[in-house]
Amino acid sequence: RDYWRRLEGEADQVSVAMPVWLPATVSGRLELNGRPEAMAMTGRLHVLRGRYSQNVDLERSLVEFRRQLAAPRAYDKEGERLRMEVQLVLDGDTRIENDLMRGTVRGEVTVTGTAAAMGFIGSVAFAEGSRAFFRGNEFDLTHAVVDFTERDRLAVALDVHGQAQVREYEVFMHLFGPFADPQ
């Protein structure tokens with residue numbers, strides 16, 4: 001028989017860690033519709049609290065990110081069973097605190113695609129008072145936006161402005177472009 005299923009639920013201050021290195025507390029609504037071989041997950045979750053504290057090591061990460069983009073992945077049909085369209089609203093105490101950045105993040109990102117080809121659409125911005133760290137220098141961020149641009153993979157575009165005092169020089173920084181090849 002052809003069974004159609006619908007499961008919906010509300011979350012109120014639920015702790016999650018998906019992935020394990022990104023703990024958060026969320027509230028909102030999720031809905032799962034379809035048959036076991038073809039499901040769709042939709043919903044809207046507010047991130048009340050979240051912390052990303054994993055160190056980045058920017059220069060090494062860029063090399064590894066480029067290498068990962070070139071590496072082919074085996075197709076997994078099982079990963080196509082679940083299609084997603086879940087909005088994540090970062091409007092609570094959501095922070096990044098690592099070797100590269102420190103600050104509060106606000107914005108909306110939609111998780112899209114499938115488990116085999118997950119993507120993200122939307123943008124997040126760092127709040128006033130956020131800081132970036134590079135080669136021993138601390139930059140006050142005057143503008144920092146991260147755009148997620150692909151529905152079926154992780155693709156990030158950066159637009160970051162900052163300034164730092166280095167000895168007697170005032171240094172202005174503008175980092176922009178795709179994360180894999182920033183300018």
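Residues numbered from 1 in each chain as written. Predicted model: local features only at pLDDT ≥ 70, side-chain atom pairs only at ≥ 80, totals over all residues. Heavy atoms only, no water.

A. Just the overall build of the chain, in detail. The number of helices and strands found in the chain is one helix and 10 strands. Ordered by position in the sequence, the α and β elements of the chain form the string β-β-β-α-β-β-β-β-β-β-β. Here the chain, with 183 residues, has 33% of them falling under the buried criterion. Of the contacts made within the chain by residues no fewer than 6 positions apart, 48% connect residues no fewer than 24 positions apart. Surface summary for the chain: the accessible area is close to 11900 Å², and the carbon and sulfur share equals 54%. (Helix = DSSP H or I, 4+ residues; strand = E, 2+ residues; numbered from the N terminus. Buried < 20%, exposed > 50% of the residue type's maximum accessible area, 1.4 Å probe, protein only. Contact = heavy atoms within 4.5 Å. Areas by Shrake-Rupley, 256 points an atom, 1.4 Å probe, with all protein chains shown as cover.)

B. Spotlight on the pairing of strand β5 (residues 101-114). When you tally the buried positions in β5, you get 10 out of 14 residues, the bulk of the element. In terms of strand pairing, strand β4 (residues 82-97) meets β5 through 11 bridges, oriented antiparallel. Within β5, the position partnered with V86 by the bridge is V111. In this antiparallel pair of consecutive strands, β4 and β5, the connection spans three residues. Examined bridge by bridge, β5 and strand β7 (residues 131-134) share two bridges and lie antiparallel to one another. Bridge pairing in β7 places R102 opposite R131. As judged from the nine bridges shared by β5 and strand β6 (residues 118-126), these two strands associate in the antiparallel manner. Bridge pairing in β6 links R106 to A125. (Pairing = 2+ DSSP bridges.)

C. Main features of the nonpolar core. In terms of nonpolar packing, the biggest core is built from 26 residues, with V124, F126 and V146 touching the most fellow members. Within the residue set of this core, elements represented by two or more residues are β2 (23-35), β3 (38-52), β4, β5, β6, β8 (137-150) and β9 (156-166). The contacts of F126, once residues within four sequence positions are left out, are I96, M101, G103, T104, V105, A144 and V146. (Core = buried A, V, L, I, M, F, W, Y, C linked by side-chain atoms within 4.5 Å.)

D. Region of interest: the pattern of salt bridges. Enumeration according to the criterion identifies 11 salt bridges in this entry. Ionic pairing is found between R44 and E108, a salt bridge with its closest N-O pair at 3.7 Å. On the criterion of sequence distance, the pair formed by R44 in strand β3 and E108 in strand β5 is long-range, its members being 64 residues apart. Classification of R44 by relative accessible area gives partly exposed; the value is 33%. In this structure, R131 engages D140 in a salt bridge whose closest nitrogen and oxygen atoms are separated by 1.7 Å. Its relative accessible area of 31% is what places R131 among the partly exposed residues. The class of D140 is partly exposed, set by a relative accessible area of 35%. Through salt bridges that share partners, R6, E8, E10, R29 and E31 make up one connected network. (Salt bridge = Lys/Arg side-chain N within 4 Å of Asp/Glu carboxyl O.)

E. Geometry of the pairing of β4. In the sheet, β3 pairs with β4 via 13 bridges, with the strands oriented parallel. Within the sheet, the bridge partner assigned to R49 lies in β4 and is D93.

F. Focus on the environment of E80. Among the structural elements, E80 can be located in the loop between α1 (58-70) and β4. Along the chain, E80 and E37 lie 43 residues apart, while their C-alpha atoms are 8.5 Å from each other.

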